[in-house]
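Listed below are the residues making up each chain.
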Amino acid sequence: MIILKINGLEVKAEEGWTILETAKFYGIEIPTLCYNEGLSAYGGCRLCLVEIGEGPKAKLASSCTYPAEEGLVVRTDTRRVIETRRMMIELMLSLAPNSKIIQDLASKFGVTKVRFKVRNEECILCGLCVRMCREQMDGKAIGFQNRGHKRKISTPFDIKSEECRLCGGCMYICPACQLKCQGPEADTTVCNACLTMDPTCLDYYDELQCWMYNAGRCGTCVREKPEKSDSKEQAENSK
Amino acid sequence: MEVEELKIKSCINKYNFEKKALISILQDIQEEYNYLPQEALNIVSKTLGIPLIDIVGAATFYRAFSLEPRGKHLVTVCVGTACHVRGAPNILAEFEKKLNIKAGETTDDGQFSLETVACLGCCAIGPVVIADSNYYAQTSVRKVDAILKKHRKKEK
């Protein structure tokens, strides 16, 4: 048993656990994007960053790849962490503004503008598809090519790979190229529809399950029940 | 150019079919053909048992490898900081004009390929131009013609 501190809470981790796994076990939320339980950790999206250590020596590390160590002091919600996280979301938005998953993350973390040139590459190089192909589908059909700003994910020579069995696993797991944000067309890159629409509850809960119940509920979900078909749509939008 | 399986196999055999020698094998193939032909990589993948995508990943990662056919002569112009301030952009422009290609391209007759490099580590003798692994120090726009002529001559 390894004993460490996450957000001041003393937690016990088993040998071989990462910080992310430990936090998940104790119900401490750390957002992730390129992490998937069935795949090896990659640490590419930098959303799961946490601050490790205290004082001026504190450093940022990706919790999905950092092993739980004895006596480690981890903080998951410092200003530095949140600001870095916002920056990462902003960068990812500029690469793949049509992705619903990333737009939802932007709404959730209050990213309301993108200061970078929008590149519409529909790929954030999170490597999920590569790992999916390799580890779960035993395919090895796609992989990273080139480097630097030319880095891309493709099959060898950009032609259909002999190894590819058209299983579709890569498209299933992709956060950027498949799910298009269905929110209203926005003038800016950021849709933020989930922030401005009723209910503002990002995760839809009914009255009984409201997680804000004790903390003074926002009340948007009980104000006026919309039509049934509407509420379904809104629930989907807000998810 | 036809890719001969035997030639590729002998390149691999030189390193006892070891997977870790991939880069050396690719270098030998590049030496042979001036670039990495698609069929050659297929053969390497099958013989060594390395997934093709991993080989392509390594081949595209390093600038020394090229998946496109390259000219017989390779001209590399250094455009690093030191060479830049000493006029490398002008020299590069002159090469581009003389060869009628852009950096990274190959002439239609397959004689010359033009490339740039960020720094060669010999800033004191800049601006540097390498043509077929011959280093030309303190080059200027005027010397461009001479360099091209010299290497075109070698051919004959």
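Residues numbered from 1 in each chain as written. Chains lettered and ligands numbered in written order. Predicted model: local features only at pLDDT ≥ 70, side-chain atom pairs only at ≥ 80, totals over all residues.

Chemist: Help me out: how do you make sense of the overall build of chain B in this one?
Modeler: Looking only at helices and strands, chain B has seven helices and four strands in total. Reading chain B from its N end, one meets helices and strands in the order α-α-α-α-β-α-α-β-β-β-α. Taking the principal axes of its C-alpha atoms as reference, chain B extends roughly 50 × 35 × 25 Å. A separation of at least 24 residues holds for 59% of the contacts in chain B among residues at least 6 apart in sequence. (Helix = DSSP H or I, 4+ residues; strand = E, 2+ residues; numbered from the N terminus. Contact = placed C-beta atoms within 7 Å.)

Chemist: How do you make sense of the confidence of the model for chain A when you look at a structure like this?
Modeler: The predicted coordinates ought not to be read in detail in places where the model reports low pLDDT. Scored by pLDDT, chain A comes out at a mean of 81, with 76% of its residues at no less than 70. Counting contacts from residues 222–226 of chain A, a segment whose pLDDT is below 50, to residues more than four positions away or on other chains yields four contacts. (pLDDT = per-residue confidence, 0-100.)

Chemist: Sorry, what's going on with the interface of chain B and chain A here?
Modeler: If you look at the interface, chain B gives nine residues, while chain A gives ten residues. Split into classes, the residues belonging to the side of chain B that touches chain A amount to five nonpolar, three polar and one charged. (Nonpolar A, V, L, I, M, F, W, Y, C, P; charged D, E, K, R; others polar.)

Chemist: Can you help me understand the nonpolar core in this one?
Modeler: One recurring pattern in soluble globular proteins is that nonpolar side chains are buried together. Residues Ile89, Ile102, Cys129 and Ile142 of chain A together with Leu41 and Val44 of chain B are the most contacted members of the largest nonpolar core, which totals 61 residues. Membership of the second largest hydrophobic core comes to 16 residues, among which are Leu99, Val128, Ala131 and Val144 of chain B. (Core = buried A, V, L, I, M, F, W, Y, C linked by C-beta atoms within 7 Å. Buried ≥ 20, exposed ≤ 12 C-beta atoms within 10 Å, placed from the backbone.)

Chemist: What is the right way to read the packing of helix H1 (residues 5–13) of chain B against helix H3 (residues 38–48) of chain B from this model?
Modeler: Helices that pack against each other are described as a pair by the angle of their axes relative to one another and the distance between those axes. Residue and element names in this part refer to chain B. Across the interface, H1 lies against H3 with an axial gap of 10 Å and an inter-helix angle of 50 degrees. Judged on the interaxial angle alone, H3 and H1 are oblique. Remark: the crossing between H1 and H3 carries right-handed chirality. Of the residues in H3, those in contact with Glu5, Ile8, Lys9 and Ile12 of H1 are Ala40, Ile43, Val44, Thr47 and Leu48. Of the residues contributing to the contact of H1 with H3, the split by class is six nonpolar, one polar and two charged. (Axes fitted to C-alpha atoms, helices over the stretch in contact; angles between N-to-C directions. Parallel < 35°, antiparallel > 145°, perpendicular 65-115°, else oblique. Left-handed = near helix turned anticlockwise from the far one by under 90°.)

Chemist: Looking at this structure, how should I read the sheet that holds strand S1 (residues 2–6) of chain A?
Modeler: Hydrogen bonds between backbone atoms are what pair the strands of a sheet, whose relative direction is either parallel or antiparallel. Residue and element names in this part refer to chain A. If you walk across this open sheet you meet the five strands as S2-S1-S5-S3-S4, and the pairing is mixed. In this open sheet, the two strands that pair with only one neighbour each are strand S2 (9–13) and strand S4 (59–62). In this sheet, adjacent strand axes meet at a mean angle of 40 degrees when their direction is disregarded. One ladder, built from two bridges, connects strand S3 (residues 49–52) with strand S5 (residues 73–75); its direction is antiparallel. Its bridge partner lying in S5, glutamate 51 is registered against arginine 75. Sitting on the sheet, helix H2 (residues 79–95) touches S3 and S4, and the angle it makes with S3 is about 155 degrees. (Pairing = 2+ DSSP bridges.)

Chemist: Help me understand unusual backbone geometry, please; the structure alone is not making it clear to me.
Modeler: Both trends apply: most residues other than glycine have a negative phi, and most peptide bonds are in trans. All names here are of chain B. Of note, the phi angle at asparagine 100 is positive, near 60 degrees, even though the residue is not glycine. Judged by the 10 C-beta atoms lying within 10 Å of it, asparagine 100 is exposed. Unusually for a residue other than glycine, aspartate 132 sits at a positive phi of about 45 degrees. Following the sequence through the fold, aspartate 132 ends up in the loop between strand S3 (129–131) and strand S4 (134–136). A count of 12 C-beta atoms within 10 Å places aspartate 132 in the exposed class.

Chemist: Would you mind going over the environment of tyrosine 26 of chain A with me for this structure?
Modeler: Residues and elements named next belong to chain A. One can find tyrosine 26 in the loop between helix H1 (19–25) and S3. Distance in space between the C-alpha atoms of tyrosine 26 and cysteine 123 is 32 Å, their sequence separation being 97 residues. Once residues within four sequence positions are removed from consideration, tyrosine 26 is found in contact with Ile6 and Val11.

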